[in-house]
Amino acid sequence: MNKKRVFSGVQPTGNLHLGNYLGAIKNFVDLQNKFECIYCVVDLHAITNHHNPKELKSNILETIATFIASGLSEEKNIIFNQASVSAHSELAWIFNCVARIGWMNRMTQFKEKAGVNKENASVGLLVYPNLMAADILIYKATHVPVGEDQKQHLELTRDIAKKFNNDFKCEDFFPIVEPVIPKEISRIMSLRDGKKKMSKSEESDYSRINLKDDKDLINQKIQKAKTDNGPVPSDLNELKNRPEVSNIISIYANINNIKVSQVLSEFGGKNFSTFKSKLSESLIEKICPIGQEIKKLLKDEVYLNGILEKGAKRADLIAKTNIKEIYKILGLTKYS
Ligand code: TYM
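All figures in this text were calculated on a predicted structure; none of them were measured in a lab.

Criteria and cut-off values
- Residues numbered from 1 in each chain as written.
- Predicted model: local features only at pLDDT ≥ 70, side-chain atom pairs only at ≥ 80, totals over all residues.
- Heavy atoms only, no water.
- Domains from an automatic or database assignment.
- Contact = heavy atoms within 4.5 Å.
- Buried area = accessible area lost by both parts, 1.4 Å probe.
- Salt bridge = Lys/Arg side-chain N within 4 Å of Asp/Glu carboxyl O.
- Polar contact = N/O pair within 3.5 Å; in protein donor to acceptor, adjacent residues only side chain to side chain.
- Axes fitted to C-alpha atoms, helices over the stretch in contact; angles between N-to-C directions.
- Helix = DSSP H or I, 4+ residues; strand = E, 2+ residues; numbered from the N terminus.
- Parallel < 35°, antiparallel > 145°, perpendicular 65-115°, else oblique.
- Nonpolar A, V, L, I, M, F, W, Y, C, P; charged D, E, K, R; others polar.
- Buried < 20%, exposed > 50% of the residue type's maximum accessible area, 1.4 Å probe, protein only.
- Phe/Tyr/Trp six-rings, centres within 6.5 Å; stacked < 30°, edge-to-face > 60°.
- Expected span 1.5 Å × (residues − 1).

(A) Main features of the domain arrangement of the protein chain. When the domains of the protein chain are assigned, the result is domain 1 (5-186 + 301-330) and domain 2 (205-296). Taking only C-alpha atoms, the centre of domain 1 and the centre of domain 2 are 30 Å apart. Counting residues at the interface gives 14 residues for domain 1 and 18 residues for domain 2. Here domain 1 and domain 2 share an interface that buries about 1500 Å² over both sides, 65% of which is from carbon and sulfur atoms. Taken as a group, Leu18, Glu184 and Ile185 account for 36% of the area that domain 1 buries against domain 2, more than any other trio of residues on that side. Residues glutamate 62 and lysine 212 are paired through a salt bridge, measuring 3.1 Å at the closest nitrogen-oxygen approach. Our count for the domain 1 to domain 2 interface comes out at five residue pairs in polar contact (both at pLDDT 80 or more).

Here it is as structure tokens:
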């Protein structure tokens, strides 16, 4: 059986936010001491929507800077960008032929991203999850740390792996991946609307905490974060039907590595302005040093490009070995 290997990816959208950090990157950092980990800037996914080439280039470097500033070691982990290892695209094409159209049509993220004019979305956006499955399975990764919004894509990855193993009679060739999703807070919500996930695409910057926000801005955003008229609840049951309250309490718990129940026993019955001041303090303490480090690292493009180059070489070695085997299984003659 395959040994444990972690893979995850982040799109270079520029200005990563608290959702990316708590949902994914913080977990990447924890896992680096336990497993062999591969972390990728998924630049090919970023072109499934209209993009600006100049911005993409700088966003790739900013994502790498964010990885390093958050505490990922370039030595312990393989850190690279997707487009530099061509086996991702080769396997994605193969998976386009394994996955079924009906599977793609069920993907909720496609429906959300394509919007009302589905016919006008790129084909790349539709088959985006096949490239994601290829990212993971080209390394035969077994564990994938992500936020909850990616769970359906990982279920699809499992289906693709099973179908491939079954169709080509190569039992256990691709592992059936396990999602690693934070338990207490798997989906960070918008600070303006607790039913929408925190995202770069929401118009108001006050809906999210960006990792590069300074102290004053974090303070303002938290003070303005939507709550309701009640006090901070004392009991888990009182969080039901209070999405905005539930969200900021979970953020406080996660950023301080404590349980939601502990937050409720500390702040239950108090007013929100007391709680919000404490939340701002915690965020400023944890997030501002990351933002400052990102800004510092961005001044050293040679260093950041060096990380990408070294990472790509290491990733390519594993990916090449596996793509050769995959071609052989399929009867393709490129490597025979
Ligand atoms: P992306 O770039 O949108 O997000 C990167 C990671 O951040 C998590 N995330 C969140 N978690 C909690 N709450 C939020 N509001 C929030 N917003 C973002 C995402 O779940 C993700 O873990 N398709 C992926 C990238 C990808 C990938 C992969 C991931 C491509 N190939 C292979 C894992 C394995 C995406 O668009 O994530």
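Next, the rest of the story.
(B) View of the packing of helix H2 (residues 53-69) against helix H13 (residues 301-330). Orientation of H2 relative to H13, taken along the N-to-C sense of each, is 85 degrees, at an axis distance of 10 Å. Considered as vectors, H2 and H13 are oriented roughly perpendicular to each other. Between H2 and H13, the residues in contact are Ile60, Leu61, Ile64, Ala65 and Ile68 and Glu301, Tyr303, Leu304, Asn305, Ile307 and Leu308, respectively. Of the residues contributing to the contact of H2 with H13, the split by class is nine nonpolar, one polar and one charged.

(C) Representation of unusual backbone geometry in the model. Of note in the backbone geometry, lysine 140 takes a positive phi value of approximately 50 degrees without being a glycine. In this fold, lysine 140 is placed in the loop between helix H7 (128-137) and strand E4 (143-145). On the basis of relative accessibility, which here comes to 14%, the residue lysine 140 falls in the buried class. Phi is positive for asparagine 241, which is not a glycine, with a value near 60 degrees. With respect to the element layout, asparagine 241 can be found in the loop between helix H9 (215-224) and helix H10 (243-255). With a relative accessible area of 78%, asparagine 241 lands in the exposed category.

(D) Here's a closer look at the environment of glutamate 148. Mapped onto the fold, glutamate 148 is located in the loop between E4 and helix H8 (151-167). The class for glutamate 148 is partly exposed, based on a relative accessible area of 27%. Here the alpha-carbon distance between glutamate 148 and isoleucine 181, two residues 33 residues apart in the chain, equals 6.3 Å. Sequence-distant contacts of glutamate 148, that is, excluding residues within four places in its chain, are made with Ile181, Ser186 and Arg187. At a separation of 3.1 Å, a polar atom in the side chain of glutamate 148 contacts the side chain of arginine 187.

(E) A look at the packing of aromatic side chains. Under the defined criterion, the tally for this structure stands at 13 aromatic pairs. Aromatic pair tyrosine 252 and phenylalanine 267: ring centres 5.3 Å apart, planes at 85 degrees, arrangement edge-to-face. Residue tyrosine 252 is found in helix H10, and its partner phenylalanine 267 is found in helix H11 (residues 260-267); the two are separated by 15 residues along the sequence. On the accessibility criterion, phenylalanine 267 (3% relative accessible area) is buried. For tyrosine 252, a relative accessible area of 7% corresponds to the buried category. Taken together through their ring pairs, the aromatic side chains of Phe95, Phe164, Phe168, Phe173 and Phe174 make up a single cluster.

(F) Inspection of H2 at higher detail. End to end, H2 covers 24 Å across 17 residues, agreeing with the expected 24 Å (1.5 Å per residue, within 8%). Along H2, twelve of the 17 residues are buried, which leaves the element largely enclosed by surrounding structure. Among the residues of H2, Leu56, Asn59, Ile60, Leu61, Glu62, Thr63, Ile64, Ala65, Thr66, Phe67, Ile68 and Ala69 are the ones counted as buried. Contact partners of the buried residues in H2: strand E1 (5-10), helix H1 (18-31), strand E2 (36-41), strand E3 (78-81), helix H12 (272-297) and H13. For H2, the N-terminal cap is asparagine 52; the gap from its side-chain oxygen to the backbone nitrogen of lysine 54 is 2.9 Å. Of the residues trailing H2, glycine 71 is marked for its positive phi of about 115 degrees.

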